[in-house]
Amino acid sequence: TVREPLLVLDQELKVIKASRSFYEFFKVSSDETIGKLIYNLGNDQWDIPKLRELLETILPEKTTFDNYEVEHDFATIGKRIMLLNAQQIKRAFGKEKMILLAIEDITERKLAEAELSKYQDHLKELVEELRTSNQELEAFAYSVSHDLRAPLRAINGFTRILLQDYVERLDDEAKRLGSVIQKNSQKMGQLIDDLLAFSRLGRATMHFSNIDMKKMVNEVYEEATTPSERKRINFSITELFIANGDPNMFRQVWINLISNALKFSANQKQAVISVTCREEEDKLNYCIKDNGAGFNMKYIDKLFRVFQRLHSEKEYPGTGVGLALVKRIIQRHGGKIWAEGEIGKGAAFYFSLPKK
């Protein structure tokens, strides 16, 4: 019943017994096998140099040998790769010694390993290409941002000189245009900063520790609001489970999520913002919900992309990088983020983190 072909040989290396699987696999009969010298089986198909080495040199010295790999082209079954295991045995009664030879066909496995190795090598090449591309992209982003900063500073600086030192020579329209130039150069500077932060996040080293999420959320909320603003905000927070992650990165997560909730509920007479947490078997789910402007779920795919905005900048200022940054941080921690919303009825942002 053993699936691997088995042979029992005497000391002269003649076959005493063969298993049923041996006959089936090598397509031979009992008459062609029993009593024959192993090398003469199948018209001398088994006269294999490595098999001779195993049976005549290695086995007499070691009495047993495991996982001896042999490759041979058989006339009946084609080219095969076999794993041979041999051991000297003897009968319970009598001094006659024999050899038990187990033959495992590993041809398909070796082919699969070779194919897998080929794909792994290809994957390594792709990973290396991707790493190089990312490095080039990061270098490009840094170079572009660095090169853009100088002209932006010049634009902003000269505009400020015009508005301060030459203000008496400018009419109202010139003053307005000067203010527009300043605002747009400042906005461009913020875009560059956000883009740099986003590109650096992918290669930033992560330092894991336990994070008191409730304490962190409260601190961020206090920093983001003034006492007078807090009077019109109904802010609630339940017990939040302690998470394991990079504290600096998660502070950035909560800064973006809480700032968004405050920004998009700013037009509500009474803003309502809640932060909750739910535990599952292998993960923790956090949620921040507001009663603000909300969004159309039809555009949910755009929500976490860089520079994608679902509201005009006149309504709600921002660069469109914050949520993309949040998503990348959550993904680097092995979690995922999603959102639900309805226009005029607020939005809820969820993110899950693995417990381990």
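These numbers were taken from a predicted model, which means no experiment stands behind them.

## Focus: the sheet that holds strand β10 (residues 283–290)
Move 1: Pairing is mixed across the open sheet formed by 5 strands, whose spatial order is β7-β9-β10-β12-β11. Bordering the open sheet on either side are β7 (233–237) and β11 (336–341), each of which pairs with just one other strand. The average angle at which neighbouring strand axes cross in this sheet is 15 degrees, direction not considered.
Move 2: As judged from the 8 bridges shared by β10 and strand β12 (residues 347–354), these two strands associate in the antiparallel manner.

## Concerning the side chain of Ser 185
Move 1: Looking at the element boundaries, Ser 185 is found in helix α5 (residues 172–201).
Move 2: The buried category is assigned to Ser 185, whose relative accessible area is 8%.
Move 3: Of the polar contacts made by the side chain of Ser 185, one reaches the backbone oxygen of Gln 182; its length is 2.8 Å.

## Description of the packing of aromatic side chains
Move 1: Under the defined criterion, the tally for this structure stands at 12 aromatic pairs.
Move 2: An aromatic cluster of at least three residues, connected via ring pairs, comprises Phe 22, Tyr 23, Phe 25, Phe 26 and Trp 46.
Move 3: Taking NZ or CZ as reference, Lys 118 lies 6.0 Å from the ring centre of Tyr 119, over its face.
Move 4: Between Lys 336 and the ring centre of Trp 338, over which it is positioned, the NZ or CZ distance is 5.6 Å.

## Quick look at the nonpolar core
Move 1: Core analysis: the largest hydrophobic core is formed by 39 residues, its most contacted members being Met 213, Trp 254, Tyr 286 and Phe 351.
Move 2: Secondary-structure elements contributing two or more residues to this core are α6 (213–224), β7, α8 (247–264), β9 (271–279), β10, α9 (322–332), β11 and β12.
Move 3: Top element by residues in this core is α8. It accounts for 8 residues.
Move 4: With residues up to four places along the chain from it excluded, the contact list for Tyr 286 reads Met 213, Leu 240, Phe 241, Ile 242, Ala 243, Trp 254, Thr 276, Cys 277, Phe 349, Tyr 350, Phe 351 and Leu 353.

## What to know about the packing of α8 against α9
Move 1: Relative to each other, α8 and α9 sit at 145 degrees, their axes nearing to 9 Å. For the pair α8 and α9, the sense of crossing is left-handed. Judged by residue contacts, Met 249, Phe 250, Gln 252, Val 253, Asn 256, Leu 257 and Asn 260 of α8 engage Gly 322, Leu 323, Leu 325, Val 326, Ile 329, Ile 330 and Arg 332 from α9.
Move 2: Per-class residue counts for the contact of α8 with α9 are 9 nonpolar, 4 polar and 1 charged.

## Considerations on the sheet that holds strand β3 (residues 64–74)
Move 1: One open sheet accounts for 5 strands, arranged β2-β1-β5-β4-β3; its pairing is antiparallel. One side of each edge strand has no neighbouring strand; the edge strands of this open sheet are β2 (15–18) and β3. If you compare each strand with its neighbour and ignore which way they point, the axes differ by 25 degrees on average.
Move 2: With 9 bridges joining them, strand β4 (residues 78–90) and strand β5 (residues 97–105) adopt antiparallel strand pairing. Paired with Asn 85 across the strands is Ala 102, a residue of β5.

## A short note on the packing of α6 against α8
Move 1: Following both chains from N to C, one finds α6 and α8 inclined at 50 degrees, their axes separated by 9 Å at the closest point. Between α6 and α8, the interaxial angle falls into the category oblique. Classified by chirality, the crossing of α8 by α6 is right-handed. In this structure, α6 uses Met 213, Met 216, Val 217, Glu 219, Val 220, Tyr 221, Glu 223 and Ala 224 to contact α8, whose residues at the interface are Pro 247, Phe 250, Arg 251, Trp 254, Ile 255, Ile 258 and Leu 262.
Move 2: Of the residues that constitute the contact of α6 with α8, the class distribution is 12 nonpolar, no polar and 3 charged.

## Details of the confidence of the model for the protein chain
Move 1: Mean pLDDT for the protein chain: 84, with 92% of residues reaching 70 or above.
Move 2: The secondary-structure element of the protein chain with the lowest mean pLDDT is helix α2 (residues 41–44), recorded at 78, while β10 shows the highest, at 95.

Definitions and cut-offs
Each chain carries its own residue numbering, running from 1 in the direction its sequence is written. Totals for whole chains, interfaces and linings use all residues, but because this is a predicted model, local features are given only for residues with pLDDT of at least 70 and pairs of side-chain atoms are given and counted only at 80 or more. Side-chain metrics rest on all non-hydrogen atoms present in the structure, leaving aside hydrogens and water. Paired strands, as defined in this entry, are two strands with at least two bridges between them according to DSSP. Secondary structure follows DSSP: runs of H or I at least 4 residues long count as helices, runs of E at least 2 residues long count as strands, and numbering of each begins at the N terminus. Working convention: axes come from line fits to C-alpha atoms, limited for helices to the stretch in contact. Angles between N-to-C directions cover 0 to 180 degrees. In this scheme, a residue with accessible area under 20% of its type's maximum is buried, one over 50% is exposed, and one in between is partly exposed, where area comes from a 1.4 Å probe on protein chains only. The definition of a polar contact used here is a pair of N or O atoms within 3.5 Å, where within protein one atom must be able to donate a hydrogen and the other to accept one, and adjacent residues in sequence count solely through side-chain atom pairs. Here is the rule: rings of Phe, Tyr and Trp (six-membered ring for Trp) pair when centre to centre is within 6.5 Å. Planes less than 30 degrees apart are stacked, more than 60 are edge-to-face, and the remainder are tilted. Only lysine NZ and arginine CZ atoms are considered, and such an atom sits over a ring when it is within 6 Å of the ring centre and within 35 degrees of the ring normal. Definition used in this section: a nonpolar core is a set of buried Ala, Val, Leu, Ile, Met, Phe, Trp, Tyr and Cys residues joined via side-chain atoms within 4.5 Å. The contact criterion used throughout is that any non-hydrogen atoms of two residues lie within 4.5 Å. By convention the crossing between two helices is left-handed if the near helix lies anticlockwise of the far one by an angle smaller than a right angle, and right-handed if it lies clockwise. Only Asp, Glu, Lys and Arg are considered charged, only Ala, Val, Leu, Ile, Met, Phe, Trp, Tyr, Cys and Pro nonpolar, and every remaining residue, Gly among them, polar. Our angle categories are set so that under 35 degrees counts as roughly parallel, over 145 as roughly antiparallel, 65 to 115 as roughly perpendicular, and the remainder as oblique. Each residue gets a pLDDT score, which is the predictor's confidence in that residue and runs from 0 to 100.

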